[in-house]
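Coordinates in review
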Amino acid sequence: QQQVKQSPQSLIVQKGGISIINCAYENTAFDYFPWYQQFPGKGPALLIAIRPDVSEKKEGRFTISFNKSAKQFSLHIMDSQPGDSATYFCAASSGTGGGADGLTFGKGTHLIIQP
Amino acid sequence: NAGVTQTPKFQVLKTGQSMTLQCAQDMNHNSMYWYRQDPGMGLRLIYYSASEGTTDKGEVPNGYNVSRLNKREFSLRLESAAPSQTSVYFCASSPSLSGLAQYFGPGTRLTVL
């Protein structure tokens, strides 16, 4: 059972455009939703994260929108740049689950920003 | 401050061979994790250690064992490697017991022939 569904698998956006990646989750115990960015040959790096008590969080050009009732959250990259080309993973964690039981990841979105 | 380091970076094994992947962190984090990454599958948790002296199974533990040697080091062992274990392995650490804000190492690319 896939607990975090991510779409699209791949995305091509023109430079300066808005990149949008969506995730949906099933487990209502999840209470922490991070996004990770991964460049080829590197480990994932935490980009931005949100908790369900807010509907939006913005850090620079990156924004997470969160819809608790729909159990969905999305990453928006404004003014997308070629340097943003990477694979993006959404994830979720039930941090109150009684232990450090790790993150549940989506399958990833390969983002290409065309110059 | 090197963060999370992993050795080796690359490894080729024959079916049935054993090996240990090493991971160390210098951030004084309590929790450590091992994930595997396969194309189109995202990252899947193999084992984790909430604190020194404790380990627990994740989503895909079969064929692996782990040791939390001390607060800094968390190793992953393949006792009898199989081609299905061909993957990229990532170690991660987190400052909190709730597993938030995980920091990943650069990965070990393992091929089992």
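Residues numbered from 1 in each chain as written. Chains lettered and ligands numbered in written order. Predicted model: local features only at pLDDT ≥ 70, side-chain atom pairs only at ≥ 80, totals over all residues. Heavy atoms only, no water.

1. Structural notes on the overall build of chain B
A tally of helices and strands in chain B yields zero helices and eleven strands. Secondary structure elements of chain B, listed N to C terminal, follow the sequence β-β-β-β-β-β-β-β-β-β-β. Whereas a compact globule of 113 residues would reach a radius of gyration of roughly 13 Å, chain B reaches 13 Å, a difference of no more than 12%. With the C-alpha coordinates of chain B rotated into their principal frame, the extents come out at 35 × 30 × 25 Å. The burial tally for chain B puts 50% of its 113 residues in the buried class. (Helix = DSSP H or I, 4+ residues; strand = E, 2+ residues; numbered from the N terminus. Rg over C-alpha atoms; globule rule 2.2 N^0.38 Å. Buried < 20%, exposed > 50% of the residue type's maximum accessible area, 1.4 Å probe, protein only.)

2. Observations concerning the sheet that holds strand β3 (residues 19–25) of chain A
Residue and element names in this part refer to chain A. Read from one edge of the open sheet, five strands run β1-β3-β8-β7-β6, paired in antiparallel fashion. In the strand order of this sheet, the two ends are held by β1 (4–7) and β6 (56–59), each with one partner. Taking each pair of neighbouring strands and ignoring which way they run, the sheet shows an average axis angle of 15°. Here strand β7 (residues 62–67) pairs with strand β8 (residues 72–77) via six bridges, running antiparallel. When the bridges of β8 are listed, S65 appears paired with S74. (Pairing = 2+ DSSP bridges. Axes fitted to C-alpha atoms, helices over the stretch in contact; angles between N-to-C directions.)

3. A few points about the interface of chain B and chain A
Tallying the contact residues gives 21 residues for chain B and 20 residues for chain A. Across the interface of chain B and chain A, roughly 1600 Å² is buried in total on both sides, 60% from carbon and sulfur atoms. Counting across the interface, chain B meets chain A through zero salt bridges. Scanning the region where chain B abuts chain A turns up three residue pairs in polar contact (both at pLDDT 80 or more). (Contact = heavy atoms within 4.5 Å. Buried area = accessible area lost by both parts, 1.4 Å probe. Salt bridge = Lys/Arg side-chain N within 4 Å of Asp/Glu carboxyl O. Polar contact = N/O pair within 3.5 Å; in protein donor to acceptor, adjacent residues only side chain to side chain.)

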